[in-house]
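An overview of the molecular structure
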Amino acid sequence: MGMGFQPVILWTDALLFLLLLACVLAALHVRDTAPLGDAWRKVGRRPTGMAAATVLSAFVLVGLLDSLHYRPRLPDVPAAAQSAAPGAAGKGGAVYSSEVLSALDALLAPLRLQTEKTYSAPFAYTLYQRETVQVPGGGQQRVYPRLVHGASHLADPGAQRSGDVALRTLSALGLAAAGWGVALLLVVWGVARADRLPWGEAASAVLRGRTVLAWRAALATLAVLLAIVSAWTMLAPHYHVFGTDKVGQDVLYLALKSVRTALVIGTITTLVMMPFAVALGIAAGYLGGWVDDAVQYVYTVLNAIPGVLLIAAAVLMMQVVIDTHPQWFDTAAQRSDARLLALCFILGITSWTGLARLLRGETLKLRELEYVQAARAFGVGTAAILRRHILPNVMHIVLIALVMDFSGLVLAEAVLSYVGIGVDPTTISFGTMINMARAELAREPMVWWSLAAAFVFMFVLVLAANLFADVVRDAFDPRRG
């Protein structure tokens, strides 16, 4: 018997895990390089940096779970029906669904499958709008119909809902406290082992914030995250915590699925942007002459074109290519992933100019320093000088710019999807959620929870990224040392 699923690797999945591997290799390099290790320890000493890193780690975990894709296996067809059906698969052959799911979809199966008819407010047990129903006496009456799944376990939700929510929330807090206790023990064990301290002293140092790294801030942030996740775990299977949208989908599910899109846009775009910016910026600053003039001309022309118009034209042209070659894609997920990847490349190609300008200016200063002049006097080649002396001394600018650009790219996807030139309409993202909420805000009564959920998730992600970027900038910028 074959597996119950067929693994699917999308292009963005491969690039995300390639980036994860690069981060692991970079961490090993940092561990063996004293100056880099000191700089990252400065990041870890800041409570803001550790708190932001904890929040970003939670988002990354959600994104990675949503990047493990598969096609579920369909139930086996009886032999008699299979032989009678025209075009049926060969005997014993497994048939897989055309729908591509992820590990996150499997974990959130109650949220994904428990759909309602249309809008419902957070924690509601009826639809948000009245419907006409037949009454037993033969007449008609406009009522708020009962939800199929929301609070369906309660016989009298009007009287029982508050107590049930409170009880489940208390259970969630107990579960979160147990998880936080395990995390505390792991941190204390790590501190005791690293600093060769007794368990009591290590625990006191962690709780009082006297460790080398700001573990107390990370644990406080983790406590809040565990409380929220535990509450969702206990409540989401029985209630629509953030309500439902127009087609009855759970808004919490949509918000969690949007995290991966934001991470893909923010990370893969930087992979596309970095080679252009680093190569052209360093070449322009070091070589000068016609190379400098050509690079400056290129990024001046790109900056003169309105960014939204340039991106819109490129996205529309790419969409024409996708529409005229449907044979390239076996599933709808691969088709939407192609547009997402194309958007990453387009954003990367059109947003490298700022970093290139910064690197050009820094390289103009570095090429006049004594050790670079000495290397040139001893006949060291241009490529070797760029690799050994220039590139290592501008990497702090590259790192700072990439971390700070992440939040801008996340917001850019939301804006582009809102105006209809971003991700594919079938791709769940913060931008598509906001675009769908635009019409909902004009309803009476107003449907506000879709926009609120997208805003809260995107706000927390962007705020954590900005705070982490500020800490990284302070740690790596030599002028702030």
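Residues numbered from 1 in each chain as written. Predicted model: local features only at pLDDT ≥ 70, side-chain atom pairs only at ≥ 80, totals over all residues. Heavy atoms only, no water.

1. A short note on the overall build of the protein
Within the protein, the regular secondary structure consists of 18 helices and 5 strands. With respect to the three principal axes, the spread of C-alpha positions in the protein is 100 × 65 × 55 Å. In the protein, buried positions account for 41% of the 481 residues. Long-range contacts, defined here as pairs at least 24 residues apart, represent 73% of the contacts in the protein between residues at least 6 apart. Accessible area of the protein: about 25100 Å², with a carbon and sulfur share of 67%. (Helix = DSSP H or I, 4+ residues; strand = E, 2+ residues; numbered from the N terminus. Buried < 20%, exposed > 50% of the residue type's maximum accessible area, 1.4 Å probe, protein only. Contact = heavy atoms within 4.5 Å. Areas by Shrake-Rupley, 256 points an atom, 1.4 Å probe, with all protein chains shown as cover.)

2. Quick word on the nonpolar core
In this structure, Phe 430, Phe 457 and Leu 461 are the most contacted members of the largest nonpolar core, which totals 53 residues. Mapped onto this core, the elements with two or more residues apiece are helix H2 (34-45), helix H3 (47-65), helix H10 (251-287), helix H16 (382-418), helix H17 (430-440) and helix H18 (449-476). Ranked by the residues each element gives to this core, the list is headed by H18, at 15 residues. When neighbours within four sequence positions are excluded, Phe 457 is seen to be in contact with Phe 59, Trp 232, Phe 242, Leu 252, Ala 255, Leu 256, Val 259 and Phe 430. (Core = buried A, V, L, I, M, F, W, Y, C linked by side-chain atoms within 4.5 Å.)

3. What about the pairing of strand E5 (residues 140-143)?
As defined by bridge partners, strand E4 (residues 131-134) adjoins E5 across 4 bridges and the pair is classed as antiparallel. Each bridged residue has a counterpart across the sheet, and for Val 133 the counterpart in E5 is Gln 141. From the end of E4 to the start of E5, which pair antiparallel, there are 5 residues, and Gly 138 there has a positive phi angle of about 105 degrees. (Pairing = 2+ DSSP bridges.)

4. Section: the side chain of Ser 450
Residue placement: Ser 450 occurs in helix H18. What Ser 450 contacts, discounting residues up to four positions off in sequence, is Asp 245, Val 251, Met 433, Ala 437 and Glu 440.

5. Here's the deal with helix H7 (residues 157-195)
Taking 1.5 Å of rise per residue, the 39 residues of H7 would be expected to cover 57 Å, and the 54 Å separating its terminal C-alpha atoms lies within 8% of that figure. Elements that come into contact with the buried residues of H7 comprise helix H8 (199-208) and helix H9 (215-235). In the segment just after H7, Arg 196 is the residue with positive phi, at about 55 degrees. (Expected span 1.5 Å × (residues − 1).)

6. Describing the pairing of strand E2 (residues 69-72)
Residues in a regular strand point their side chains to alternate faces of the sheet. Side chains of E2 alternate between two faces, with His 69 and Arg 71 and Tyr 70 and Pro 72 buried alike. Here strand E1 (residues 5-8) runs beside E2; their pairing, made up of 4 bridges, is antiparallel. Its bridge partner being in E2, Gln 6 is matched across the sheet by Arg 71. Sheet topology places E2 next to strand E3 (residues 101-102); 2 bridges connect them, and they run antiparallel. By the bridge assignment, His 69 is partnered in E3 with Ser 102.

7. Let's talk about the sheet that holds E1
With respect to topology, 3 strands assemble into an open sheet ordered E1-E2-E3, the strand pairing being antiparallel. The sheet terminates laterally at E1 and E3, the two strands that pair on one side only.

8. A closer look at the state of the cysteines
By definition, a disulfide links the sulfur atoms of two cysteines through a covalent bond. What the rule picks out here adds up to 0 disulfides. Cys 344 provides the cysteine sulfur closest to Cys 23, a residue in no disulfide bond, and the two sulfurs are 16 Å apart. On the accessibility criterion, Cys 23 (45% relative accessible area) is partly exposed. (Disulfide = S-S within 2.5 Å.)

9. Concerning the packing of aromatic side chains
Tallied over the entire structure, the rule returns 10 aromatic pairs. For the pair Trp 232 and Phe 242, a centre-to-centre distance of 6.2 Å together with 75 degrees between the ring planes defines the contact as edge-to-face. With a gap of 10 residues between them, Trp 232 in helix H9 and Phe 242 in the loop between H9 and H10 connect regions that are remote in the sequence. Classification of Trp 232 by relative accessible area gives partly exposed; the value is 22%. Seen in terms of ring centroids, Trp 232 and Phe 457 are 5.8 Å apart; in terms of plane orientation they differ by 15 degrees. Their pairing is stacked. Residue Trp 232 is found in helix H9, and its partner Phe 457 is found in helix H18; the two are separated by 225 residues along the sequence. Given a relative accessible area of 8%, Phe 457 falls into the buried group. Here a set of aromatic residues connected by ring pairs shows up, and it is made of Tyr 128, Trp 448 and Trp 449. (Phe/Tyr/Trp six-rings, centres within 6.5 Å; stacked < 30°, edge-to-face > 60°.)

10. Focus on unusual backbone geometry
Of note, the phi angle at Phe 123 is positive, near 60 degrees, even though the residue is not glycine. As for its placement among the helices and strands, Phe 123 is situated in the loop between helix H6 (109-113) and E4. Among the residues examined, Phe 123 registers a relative accessible area of 24% and is labelled partly exposed.

11. Things to note about the packing of H8 against H9
Packing of H8 against H9 leaves a shortest axis separation of 7 Å and a crossing angle of 75 degrees. One element, H8, and the other, H9, form an angle in the roughly perpendicular class. Of the residues in H9, those touching H8 at Val 206, Leu 207 and Arg 208 are Trp 215, Arg 216 and Leu 219. When the residues that make up the contact of H8 with H9 are grouped by side-chain class, the tally is 4 nonpolar, no polar and 2 charged. (Axes fitted to C-alpha atoms, helices over the stretch in contact; angles between N-to-C directions. Parallel < 35°, antiparallel > 145°, perpendicular 65-115°, else oblique. Nonpolar A, V, L, I, M, F, W, Y, C, P; charged D, E, K, R; others polar.)

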